[in-house]
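Close look at the chain arrangement
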Amino acid sequence: MKFDDSISGILIICFGSIVIFFAQQLPTLQFIDYGPGFFPTLIGIVLVICGLSVLAKRIVSSEGKIATWVRIDSDHSLWKSLLTIGFVIAVILFYIFTVKILGFLVTMPLVLFALLFYFHRRLGRDMGIAVIGSIAFHSFFYQLMSVQLPWGLLTPFAGTLTW
């Protein structure tokens, strides 16, 4: 199943706009310059920009012609698409249900590796990106944004692993 890029662009713009709207509804904090809506607002703005770029690329590449909105090539591609969607949902559910037990620094590399390996199939590179990306995410959220991430199995080492 193949959706036209203009549909994807419009959906991304709508989702980003919804994120921005609800992020602005969050309360502001008294002694901090940015509140809990700061980061979601940034994400929403990036989503809107990405959606606009996808839509613009689609319009420029097709010279204004509208192709079919949805195209189903064969039964194999439909099942492959459904399998991919199911896999991504399963990985997200795995993260949600195990992050408090295993901890962020254990769960996130597993999740990143699973997704990267499913889509790219480059073992060494995917493992490296998963580990380095998890450390970068942890550093950004824990150190810069002061978000308390779960330690899980690594709770005894929390003081040592805080860099």
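Thresholds, definitions, all that
- Residues numbered from 1 in each chain as written.
- Predicted model: local features only at pLDDT ≥ 70, side-chain atom pairs only at ≥ 80, totals over all residues.
- Heavy atoms only, no water.
- Helix = DSSP H or I, 4+ residues; strand = E, 2+ residues; numbered from the N terminus.
- Contact = heavy atoms within 4.5 Å.
- Salt bridge = Lys/Arg side-chain N within 4 Å of Asp/Glu carboxyl O.
- Buried < 20%, exposed > 50% of the residue type's maximum accessible area, 1.4 Å probe, protein only.
- Phe/Tyr/Trp six-rings, centres within 6.5 Å; stacked < 30°, edge-to-face > 60°.
- Axes fitted to C-alpha atoms, helices over the stretch in contact; angles between N-to-C directions.
- Parallel < 35°, antiparallel > 145°, perpendicular 65-115°, else oblique.
- Left-handed = near helix turned anticlockwise from the far one by under 90°.
- Nonpolar A, V, L, I, M, F, W, Y, C, P; charged D, E, K, R; others polar.

**Quick notes on the side chain of Thr-107**
Structurally, Thr-107 can be placed in helix α4 (residues 104-120). Aside from chain neighbours lying at most four places away, what touches Thr-107 is Phe-94, Tyr-95, Thr-98, Val-99 and Leu-102.

**Things to note about the pattern of salt bridges**
Applying the stated criterion to the full structure yields 1 salt bridge. Linking Asp-126 and Arg-125 is a salt bridge whose minimum nitrogen-to-oxygen distance equals 3.7 Å. Residue classification places Arg-125 among the partly exposed residues on the basis of a relative accessible area of 39%.

**Examining the packing of aromatic side chains**
Under the defined criterion, the tally for this structure stands at 8 aromatic pairs. Pairing Phe-21 with Phe-22 gives two aromatic rings, centres 5.2 Å apart and planes at 75°, and the pair type is edge-to-face. Residues Phe-113 and Phe-117 carry aromatic rings whose centres are separated by 5.5 Å and whose planes lie at 20° to one another, so their mutual orientation is stacked. You can see Phe-113 and its partner Phe-117 sitting in helix α4, 4 residues apart, about one turn around the helix. By relative accessible area, which is 24% here, Phe-113 ends up partly exposed. Phe-117 sits in the partly exposed class, given a relative accessible area of 29%. Taken together through their ring pairs, the aromatic side chains of Phe-39, Phe-140 and Phe-141 make up a single cluster.

**A closer look at the packing of helix α1 (residues 5-24) against helix α2 (residues 38-62)**
Axes are the key here: two packed helices are described by the angle between their axes and the distance separating the axes. Between α1 and α2, the shortest axis-to-axis distance is 7 Å and the interhelical angle comes to 160°. Judged by the inter-axis angle, α1 sits roughly antiparallel to α2. α2 is crossed by α1, and the crossing has left-handed handedness. Tallied by class, the residues present in the contact of α1 with α2 amount to 15 nonpolar, 8 polar and 2 charged.

**Comments concerning unusual backbone geometry**
Notably, Arg-121 is not glycine yet its phi reads approximately 60°, a positive angle. Its location among the elements puts Arg-121 in the loop between α4 and α5 (123-144).

**Description of the packing of α4 against α5**
In contact at an axis separation of 8 Å, α4 and α5 are set at 140° when each is read in the N-to-C sense. The two elements α4 and α5 meet at a crossing, and its hand is right-handed. Contact residues: Phe-104, Leu-105, Met-108, Pro-109, Leu-112, Phe-113, Leu-116, Phe-117 and His-120 in α4; Leu-123, Arg-125, Asp-126, Met-127, Ile-129, Ala-130, Gly-133, Ser-134, Phe-137 and His-138 in α5. Among the residues making up the contact of α4 with α5, the classes are represented as 13 nonpolar, 4 polar and 2 charged.

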